[in-house]
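Fold and contact review
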Amino acid sequence: MPQTPSTCPLDCPDACGIAVETDDAGRFVRLKGNPDHGWSRGVLCAKTSMYGEVIASPTRLTTPLVRDERDELVPASWDQALARIVERMRGVKGERVLAAWYAGNMGMVSRRFPLRAMHALGATFVDGGLCDNTATAGYECVLGAVIGPDLDSIVDADCVVLWGADVARTVQHLQPKLLKLAKAGVPIVAIDLYRTETIQALEKWGGKGFTIAPGSDAALALVLARLAFERGRADRAFLERECLGASEFEAHVRSTLDVADAARATGLEASAIEELARLLFAAQRPLLKTGVGWTRRRHGAMSMRAVCSLAAVLGVADRVHYESFASFGLAEDALERPDLRPNDSPAKLVRHVALGEELESGRYDAVFVWGHNPAVTCPDSSRVRRGLERDDVFVVVHEQFLTETAERADVVLPAATFVEVTDVFRSYGHRYMQFSRKACRAPGAARGNVQAFAAVARALGLRRETWDVTEESLCEELLAASSSRLSPADVERIRTGRPFKITPPTRAALGGWGTPSGNIELVSASAHAAGQPALATYVADRTDRERGAFWLVAAPSRYTHNSTFSHSPRHVALNGKPRLFLHPLDAASRNLRDGEFVRVSNARGALSLVLACTADMPRGLARVDGMPRSADVPEGVGINALVSPDVSDLGDGNVLYSTRVDVERAT
């Protein structure tokens, strides 16, 4: 059967290589791993291996829907849907149009091209602060461009520290490399909030897990930096050559937290801190792999700054892997074309985490949504839903299924999946990119993002550049505009559809590390200008803004991914009923029993979940895996109904893990 190489479109650092198998008539058959992909090497995770159920689902949208006079969504033709959009957009000023987009499809063309029409309209954009803005801001504040080491080089590490990275659920293709290192006797440690699947695996392999108190990462990193200075393990030559503010940072950490202070803050025994220091200081080639979730706190960027500062003190700043997106530097503006804006004015950005407030503000007459299910994935999601339901806000959603967001739309446009379009993918976890060609036809009247938004742009009478395009022409535009990063030979290789591993920009090309000074900035003028301490400093998470006995942790799911697989029966069945995980003693103190329904609540909302008691959870922590479907919760809401729309210290990011809740028996 014919096979077309492609890339998994999920918002995941692994960006696995896929072979799309079709029959001779071009109909989808199944997905397989692509053995030619240098990172995933023919293996698909449990989520992606069943992605075919999404593609072939009988509940996919295959025709446009429009809201009728009875307030019901009814089938329509594309012409009818476009006519409704033109009618409702007549007289709407650009700044009163909100583009609410995100990462449902990580294809560069699929994500970015719709912004071309939005720019031409003069629309307002969300800033994308739901996931990694905080971590990025913290990393860039100290280490500049987010490149980090090639994760393939982990095989040469003599110590690995997984900081807030549950790789068993989020970077699964790293696990075989970790297992190989463990078998060779390389120490591997994981730092996290509870005994994750990664920690459980490491313990079997001879590694070790350190569970710390929520929000105490900076305390641990800074005391390790202090010990490095005190015990002669600081790389003073590196600090002198590469860093700005090394002496100030040394004085800072020597005068603040000691081991006893850090033990109180983190909940670790002093001996555990000493053990971690011993393992880290003995290494010549350590690799620090950080996750993203642990920075989704009020002081999340500060925590990342502290970990990056620790790496600089040890002289291994280039061995901190957070993400790898700056390795590519592709010309995304060629897809978006911000130059098409009326009067060439820059787009206004609004805080994504405050989308509910924005929608309720009365500042918008129309909202266009693609690659996004904000009624589920945004903080304060009940308020988001109310905003989408306003009679004076016209909502257009491009979607594959009738999601919680699509249910509240005025026009729903049926979307193609990644196997039904041509696109360019790049990872943010490794250094591979790929030109992925259309493998099969979309069902019914479903259209890819390019076709859909080109049709909208043409119907609205926007400039020709917004609609006289194809997926293939846009891919070529992107590659041509990226000539500073891709040679003609690179482009030819990429056009073959084979995975291509890019070489990151050199320090010379970046002007140093990519910070304002060009050096690693242990003292940051930009952080100070933003109202933050110039030096990484431990700040305990505030509880005065949150009421509740437990910190809430919305952890990665084993079987689902954001809300992508909510319409896949097998994924839903494997994930099981939505559960709340508590330590048995916390449950007993409230007279709660394993398996019963409990009510998880705070001032923003409540939802009822099945209680699961496990000693893998520390006291005072309540965990929910993934994003429970509204249909599976009696209250009809998801976990983000409990989450504050407040922003983090830098990057205006999500403060998901700074949420507190109470737990009681459901009535």
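Our structure is the block above this text.
Computed from a predicted model, the values in this text were never measured in an experiment.

A few words on the sheet that holds strand β12 (residues 286–290). Read across the open sheet, the five strands follow the order β10-β9-β8-β12-β13; overall the sheet is parallel. In the strand order of this sheet, the two ends are held by β10 (208–211) and β13 (320–321), each with one partner. Relative to β13, β12 runs parallel, the two being bridged by two bridges. Paired with K289 across the strands is H321, a residue of β13. Of the strands in this sheet, β8 (159–163), β12 and β13 touch helix α14 (residues 300–313), which is tilted by about 170° from β12.

Here Q532 lies in the loop between α23 (525–529) and β22 (550–555). When sequence neighbours within four positions are dropped, the list of residues in contact with Q532 reads M302, R305, A527, D649 and L650.

Here we come to empty space enclosed by the protein. Evaluation of the coordinates by the stated rule reveals six cavities of 30 Å³ or more. In this structure, the second largest cavity encloses a volume near 120 Å³. Classifying every residue of the lining of the second largest cavity by side-chain character gives five nonpolar, five polar and two charged.

With that out of the way, let us pick up helix α5 (residues 133–143). For α5, the buried fraction is high: nine of the eleven residues fall into the buried class. Of all the residues in α5, the buried ones are T134, A135, T136, A137, G138, Y139, C141, V142 and L143. Contact partners of the buried residues in α5: α14, β13, β21 (520–521) and α23. Within two residues after α5, G144 carries a phi angle of roughly 75°, on the positive side.

When two helices pack together, their arrangement is given by the angle between the helix axes and by the axis-to-axis distance. Between helix α9 (residues 217–230) and helix α12 (residues 259–266), the least distance of the axes is 9 Å, while the angle of their chain directions is 165°. Classed by the angle they form, the pair α9 and α12 counts as roughly antiparallel. Between α9 and α12 the crossing geometry is left-handed. When α9 is examined against α12, the residues A219, L220, V223 and L227 are found in contact with a partner set consisting of V259, A262, A265 and T266. The residue makeup of the contact of α9 with α12, split by class, is seven nonpolar, one polar and no charged.

When you line up the elements, A455 lands in helix α19 (residues 449–459). For A455, a relative accessible area of 15% corresponds to the buried category. Here A455 is in contact with L82 and R447, once residues within four sequence places are set aside.

Right, let's get into the pairing of strand β25 (residues 605–613). With eight of nine residues buried, β25 lies mostly within the body of the structure. Where strand β23 (residues 579–582) meets β25, four bridges bridge the pair, whose relative direction is parallel. In the strand pairing of β25, L582 is matched with C613. Both strand β24 (residues 597–602) and β25 contribute to a ladder of six bridges, which runs antiparallel. Counterpart to R599 in the pairing with β25 is S608. In this antiparallel pair of consecutive strands, β24 and β25, the connection spans two residues.

In this structure the tally under the stated criterion is zero disulfides. In this model C8 remains outside any disulfide bridge; the closest cysteine sulfur is found in C16, 5.9 Å from its own. Note on C8: relative accessible area 6%, which makes it buried. Its sulfur unpaired, C378 is 12 Å from the next cysteine sulfur, which belongs to C131. Here C378 falls in the buried class, since its relative accessible area comes to 0%.

Moving on, we get to the sheet that holds strand β2 (residues 17–22). On the basis of which strands lie adjacent, the open sheet formed by three strands has the order β1-β2-β3 and antiparallel pairing. The outermost strands of the open sheet, each flanked by one partner alone, are β1 (3–7) and β3 (28–33). Each strand axis lies, on average, 30° off the axis of its neighbour in the sheet, ignoring direction. Looking at chain direction, β1 and β2 are connected through five bridges and run antiparallel. The residue bridging T4 from the neighbouring strand is V20, located in β2.

Now for the pairing of strand β9 (residues 188–192). With five of its five residues buried, β9 lies for the most part within the structure. Burial along β9 is two-sided: I188, A190 and D192 and V189 and I191, pointing in opposite directions, are all buried. One ladder, built from four bridges, connects β8 with β9; its direction is parallel. Each residue of the ladder has a partner; that of V160, found in β9, is I188. Both β9 and β10 contribute to a ladder of four bridges, which runs parallel. Within β10, the residue paired with D192 across the bridge is T211.

Criteria and cut-off values
Residues numbered from 1 in each chain as written. Predicted model: local features only at pLDDT ≥ 70, side-chain atom pairs only at ≥ 80, totals over all residues. Heavy atoms only, no water. Pairing = 2+ DSSP bridges. Helix = DSSP H or I, 4+ residues; strand = E, 2+ residues; numbered from the N terminus. Contact = heavy atoms within 4.5 Å. Axes fitted to C-alpha atoms, helices over the stretch in contact; angles between N-to-C directions. 1 Å grid on protein atoms, 1.4 Å probe; cavity = no way out; pocket = protein on both sides within 12 Å on 5 of 7 lines; lining within 4 Å. Points joined across faces, edges and corners; volume = space filled by probe spheres on them. Nonpolar A, V, L, I, M, F, W, Y, C, P; charged D, E, K, R; others polar. Buried < 20%, exposed > 50% of the residue type's maximum accessible area, 1.4 Å probe, protein only. Parallel < 35°, antiparallel > 145°, perpendicular 65-115°, else oblique. Left-handed = near helix turned anticlockwise from the far one by under 90°. Disulfide = S-S within 2.5 Å.

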